[in-house]
Amino acid sequence: MDLEMRVDAGEYDAPTPWADPAWRREAMAWARDAAVARGPEPRPVREWLARLRPWSVVVRIPLADGSTV
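Keep in mind the model is a prediction, meaning the values are calculated, not measured.

Bringing the overall build of the chain into the picture now. Of regular secondary structure, the chain possesses one helix and three strands. In the chain, the order of α-helices and β-strands from amino to carboxyl end is β-α-β-β. If you line up the chain on its principal axes, its C-alpha atoms span 35 × 20 × 20 Å. Put simply, the chain has 69 residues, and 22% of those count as buried. Per element, the accessible surface of the chain, about 5,000 Å² overall, is 51% carbon and sulfur. Charge-centre separation for the chain: the mean point of 10 positive side chains lies 5 Å from the mean point of 11 negative side chains.

The biggest cluster of nonpolar side chains holds 10 residues, and these are Met5, Trp18, Met28, Ala31, Ala35, Trp48, Ala50, Leu52, Ile61 and Leu63. Listed by contribution, the elements that provide at least two residues to this core are α1 (21-38) and β2 (47-53). What Leu52 contacts, discounting residues up to four positions off in sequence, is Val7, Asp8, Ala9, Gly10, Thr16, Trp18 and Val57.

Secondary-structure assignment places Ala37 in helix α1. Taking C-alpha positions, Ala37 is 21 Å from Trp23, a pair spaced 14 residues apart along the chain.

Tracing the sequence through the fold places Glu26 in helix α1. Glu26 gets classed as exposed once you look at its relative accessible area, which sits at 60%. Distance in space between the C-alpha atoms of Glu26 and Glu11 is 25 Å, their sequence separation being 15 residues.

The rules we used
- Residues numbered from 1 in each chain as written.
- Predicted model: local features only at pLDDT ≥ 70, side-chain atom pairs only at ≥ 80, totals over all residues.
- Heavy atoms only, no water.
- Helix = DSSP H or I, 4+ residues; strand = E, 2+ residues; numbered from the N terminus.
- Buried < 20%, exposed > 50% of the residue type's maximum accessible area, 1.4 Å probe, protein only.
- Areas by Shrake-Rupley, 256 points an atom, 1.4 Å probe, with all protein chains shown as cover.
- Lys, Arg positive; Asp, Glu negative; His and termini not counted.
- Charge placed at Lys NZ, Arg CZ, Asp CG, Glu CD.
- Core = buried A, V, L, I, M, F, W, Y, C linked by side-chain atoms within 4.5 Å.
- Contact = heavy atoms within 4.5 Å.

Laid out in C-alpha cells, this is it:
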C-alpha cells in the first residue's frame, strides 16, 4: 500500500507503535484488507490521517460507495 500516513498526536507526546512507519504500513494494510472484506474498495486518497491520543487511535477509511469505516 503506497499511501502516506499523517499522524495527529495533538499535544500529546506518548510513545506508541504509530511512530514506526513499518508498523503503520502493516496496521493500515490490515485495515485496508478488513475494509475490502466488508464490501466496497477503499476510495483512492493521497494520505490517511490517524488521530492519535494516549487512550485511542482513530483512522477513517473512505470507501468507493461513499461510506466510511
